[in-house]
Amino acid sequence: MRDNSLSPAVWVPRLSTSVLRNALHRYDEVTDSTNTQLKKLAANGAPAWSVCLAEEQTAGRGRLERQWQSPAGCGLWLSVLVKPDFSAQKFPLLTFATALAMRKAVAESCGIPVMIKWPNDLVCRRKKLCGILLEASAGNV
């Protein structure tokens, strides 16, 4: 039987790369937004592939600054810091590549039909599984 716990003690040892294992920032308490926290970490020199994970967000947001509901116990709320070496004009390609990789990972690991809803969502049976939000920083513009 598989343990579906979100506790890092369960899944961090299963990560196949030490890059992710060594750059994980987890917030058990409520956080405003993993994206906001990750921006602070990046401003203080966090390395690429740093991951910010929270049990709950009070100010999550999606595309076009839409509010994103992020209650405790109802999802996995995280942000990943990527530092691509290309211009922000190519970010839509990164969004699509991320969606394709996530779709494949969820479909294979969970055995469920997953579709990409353009431009940045994964859905299953008409229910949104996740949204992918990429932002350009001053260094990428």
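Predicted, not measured: the structure shown is a model, and the values here were computed from it. (Residues numbered from 1 in each chain as written. Predicted model: local features only at pLDDT ≥ 70, side-chain atom pairs only at ≥ 80, totals over all residues. Heavy atoms only, no water.)

Asker: Sorry if this is basic, but what is going on with unusual backbone geometry here?
Answerer: Glycine aside, residues mostly have negative phi, and peptide bonds are mostly found in the trans state. The backbone phi angle of tryptophan 49 is positive, close to 75°, even though this residue is not glycine. Of note, tryptophan 49 is situated in the loop between helix 3 (34-43) and strand 2 (51-54). Residue tryptophan 49 is classed as partly exposed on the basis of its relative accessible area of 44%. (Helix = DSSP H or I, 4+ residues; strand = E, 2+ residues; numbered from the N terminus. Buried < 20%, exposed > 50% of the residue type's maximum accessible area, 1.4 Å probe, protein only.)

Asker: Got a minute to help me understand the state of the cysteines in this structure?
Answerer: Where two cysteines share a covalent bond between their sulfur atoms, that bond is called a disulfide. Evaluation of the coordinates by the stated rule reveals zero disulfides. As a non-bridged cysteine, cysteine 110 has cysteine 124 as the owner of its nearest cysteine sulfur, 9.0 Å distant. Classification of cysteine 110 by relative accessible area gives partly exposed; the value is 46%. (Disulfide = S-S within 2.5 Å.)

Asker: How should the packing of aromatic side chains be read in this particular structure?
Answerer: Pairs of aromatic rings are described using the distance from one ring centre to the other and the angle between the two planes. A full pass over the atoms with the stated rule returns two aromatic pairs. Note on phenylalanine 86 and phenylalanine 91: the rings are 6.1 Å apart at their centroids and 90° apart in plane angle, and the pair reads as edge-to-face. For phenylalanine 91, a relative accessible area of 10% corresponds to the buried category. A ring pair is formed by phenylalanine 96 and tryptophan 118, whose centres lie 5.8 Å apart and whose planes are at 55°; its orientation type is tilted. In this pair, phenylalanine 96 sits in helix 4 (residues 91-110) while tryptophan 118 sits in the loop between strand 4 (115-117) and strand 5 (121-124), placing the two residues 22 residues apart along the sequence. Here tryptophan 118 falls in the exposed class, since its relative accessible area comes to 64%. (Phe/Tyr/Trp six-rings, centres within 6.5 Å; stacked < 30°, edge-to-face > 60°.)

Asker: Quick question: what am I supposed to make of the confidence of the model for the chain here?
Answerer: A low pLDDT score tells you not to read the predicted coordinates there in detail. On average, residues of the chain carry a pLDDT of 78, and 76% of them reach 70 or more. No element of the chain has a lower mean pLDDT than helix 2 (residues 18-21), which averages 59, and none a higher one than strand 4, which averages 92. (pLDDT = per-residue confidence, 0-100.)

Asker: Is there a simple way to explain helix 3 in this structure?
Answerer: One turn of the α-helix equals 3.6 residues, which is why residues spaced by three or four share an orientation. Among the residues of helix 3, those classed as buried are Thr34, Asn35, Gln37, Leu38 and Leu41. Burial along helix 3 is one-sided: seen end-on, the buried residues are contained in an arc of 160°. Sitting at the amino-terminal end of helix 3 is serine 33, which places a side-chain oxygen 3.1 Å from the backbone nitrogen of asparagine 35. Note on helix 3: the residue one or two positions beyond its end, glycine 45, has a positive phi of about 90°. (Arc of directions from axis to C-beta. Polar contact = N/O pair within 3.5 Å; in protein donor to acceptor, adjacent residues only side chain to side chain.)

Asker: Hey, could you run me through the pattern of salt bridges in this one?
Answerer: Side-chain pairing between opposite charges can occur once the charged atoms of the two side chains come close. A complete count under the given rule lists one salt bridge for this structure. Here aspartate 121 and lysine 128 are joined by a salt bridge, their closest N and O atoms 3.3 Å apart. Look at lysine 128 and you get partly exposed, because its relative accessible area is 40%. (Salt bridge = Lys/Arg side-chain N within 4 Å of Asp/Glu carboxyl O.)

Asker: Hey, could you run me through the sheet that holds strand 6 (residues 127-131) in this one?
Answerer: One key point about sheets: their strands pair by backbone hydrogen bonds, in either a parallel or an antiparallel sense. Within the open sheet, the three strands sit side by side as 4-5-6. Their pairing is antiparallel. Both outer strands of the open sheet, strand 4 and strand 6, are each paired with one neighbouring strand and no more. Within the sheet, the average angular offset between the axes of one strand and its neighbour, ignoring direction, is 40°. Strand direction decides the pairing type here: strand 5 and strand 6, joined by four bridges, are antiparallel. By the bridge assignment, valine 123 is partnered in strand 6 with lysine 128. (Pairing = 2+ DSSP bridges. Axes fitted to C-alpha atoms, helices over the stretch in contact; angles between N-to-C directions.)

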